[in-house]
Amino acid sequence: MEKVPMTTGGFEALREELRRRQQEERPRIITAIAEARAHGDLSENAEYHSAKEAQSLNEGRIAELEDLTARAEVIDVTKLSGDRVKFGATVKLVDEDTEEEKVYQIVGEQEADVKKGRISISSPIARALIGKSEGDTVEVAAPGGARSYEVLQISWA
């Protein structure tokens, strides 16, 4: 069974989503199915089919969340340190072409959110950064063409 790396915060967010889907969504959907069933003919009952589809999607996500939480390798970023980029590091970069500074934290795939500055460990930029130190330059093959970044700072949040 392949472990899935994630931060403590990411793991807690998955557990909360799982709890919400099991304890709030599941009963709500069951009630909606029962109400739609009471309307009679199921073959032409849009409410029933919609509720059954919602149930299918919810149960699929519950199974996915149970799998992810079972395979989670929770890494407490606050206990990490070092002068090289690795999982959990917060890295301050400067784009050598535009001089624009960016800050990213390298996290697990399930918790990645570029808008919040959290990039997946499997993303091209994270893979290029792993093992680098402050002052190093990395080349990243991005969809818009190759980009060059300099590592300005590595920190552990």
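Residues numbered from 1 in each chain as written. Predicted model: local features only at pLDDT ≥ 70, side-chain atom pairs only at ≥ 80, totals over all residues. Heavy atoms only, no water.

Visitor: Where do I start with the layout of surface pockets in this structure?
Guide: Picture a little ball the size of a water molecule; that probe, rolled over the atoms, points out where space is still empty. Put simply, the largest pocket is a space of about 260 Å³. In this structure, the largest pocket is lined by 16 residues; those nearest its centre are Tyr104, Val114, Ile119, Ile125 and Tyr149. Listed by contribution, the elements that provide at least two residues to the lining of the largest pocket are β4 (101–107), β5 (118–120), α3 (124–129), β6 (137–142) and β7 (145–156). Looking at the lining of the largest pocket residue by residue, the class counts come to 11 nonpolar, two polar and three charged. Lining the second largest pocket are Met6, Gly10, Ala13, Leu14, Gln110, Glu111, Asp113, Lys116 and Arg118. It is helix α1 (residues 8–37) that provides the largest number of residues to the lining of the second largest pocket, a total of three residues. (1 Å grid on protein atoms, 1.4 Å probe; cavity = no way out; pocket = protein on both sides within 12 Å on 5 of 7 lines; lining within 4 Å. Points joined across faces, edges and corners; volume = space filled by probe spheres on them. Helix = DSSP H or I, 4+ residues; strand = E, 2+ residues; numbered from the N terminus. Nonpolar A, V, L, I, M, F, W, Y, C, P; charged D, E, K, R; others polar.)

Visitor: Would you explain α1 in this entry?
Guide: An α-helix turns once every 3.6 residues. As a result, residues three or four positions apart point the same way. In this model α1 runs 42 Å from its N-terminal to its C-terminal C-alpha over 30 residues, within 8% of the 44 Å that 1.5 Å per residue would give. Maximal helix bending in α1 amounts to about 35 degrees, located at arginine 21. Where the residues of α1 are buried, they touch β1 (4–7), α2 (46–71) and β2 (72–75). (Expected span 1.5 Å × (residues − 1). Bend = angle between axes of the 7 residues up to and from the residue. Contact = heavy atoms within 4.5 Å.)

Visitor: What should I look at first to understand the UniProt feature "domain: Transcription elongation factor GreA/GreB N-terminal" (unreviewed entry) in the chain in this one?
Guide: Residues given the UniProt feature "domain: Transcription elongation factor GreA/GreB N-terminal" (unreviewed entry) here are residues 4–74. Helix makes up 79% of residues 4–74 and strand makes up 10%, while its end C-alpha atoms are separated by 8 Å. (UniProt positions renumbered as here; feature names shortened; annotations may be inferred.)

Visitor: Even after reading the chapter, I still don't get the pairing of β7, so can you show me in this structure?
Guide: A regular strand carries its side chains on alternate faces of the sheet. Relative to β7, strand β3 (residues 89–95) is paired through seven bridges, and the arrangement is antiparallel. Residue pairing in the sheet places leucine 93 in a bridge with valine 151 of β7. With six bridges connecting them, β6 and β7 associate as antiparallel partners. Considered in β7, the bridge of glutamate 139 is made with serine 148. (Pairing = 2+ DSSP bridges.)

Visitor: I'm lost on the pattern of salt bridges in this one. Help?
Guide: Pairing of side chains with opposite charge becomes possible as their charged atoms draw close. For the coordinates displayed, the defined rule picks out 14 salt bridges. Where glutamate 16 meets arginine 19, a salt bridge forms, and the shortest distance between an N and an O atom there is 2.7 Å. Here arginine 19 and glutamate 16 lie together in helix α1, a separation of three residues that amounts to about one turn. For glutamate 16, a relative accessible area of 40% corresponds to the partly exposed category. Where arginine 20 meets glutamate 25, a salt bridge forms, and the shortest distance between an N and an O atom there is 4.0 Å. On the basis of relative accessibility, which here comes to 30%, the residue arginine 20 falls in the partly exposed class. (Salt bridge = Lys/Arg side-chain N within 4 Å of Asp/Glu carboxyl O. Buried < 20%, exposed > 50% of the residue type's maximum accessible area, 1.4 Å probe, protein only.)

Visitor: How should the UniProt feature "domain: Transcription elongation factor GreA/GreB C-terminal" (unreviewed entry) in the chain be read in this particular structure?
Guide: Under the feature "domain: Transcription elongation factor GreA/GreB C-terminal" (unreviewed entry), the UniProt entry names residues 82–155. Structurally, residues 82–155 is divided into 8% helix and 46% strand, and its ends, taken at the C-alpha atoms, are 9 Å apart.

Visitor: Before we go on, may I ask you to explain the environment of glutamine 110 in this structure?
Guide: Along the chain, glutamine 110 falls in the loop between β4 and β5. Residue classification places glutamine 110 among the partly exposed positions, given a relative accessible area of 37%. Between the alpha carbons of glutamine 110 and leucine 68 there is a distance of 8.8 Å; along the sequence they are 42 residues apart. Beyond its immediate chain neighbours, meaning those up to four positions away, glutamine 110 contacts Leu14, Arg61 and Leu68.

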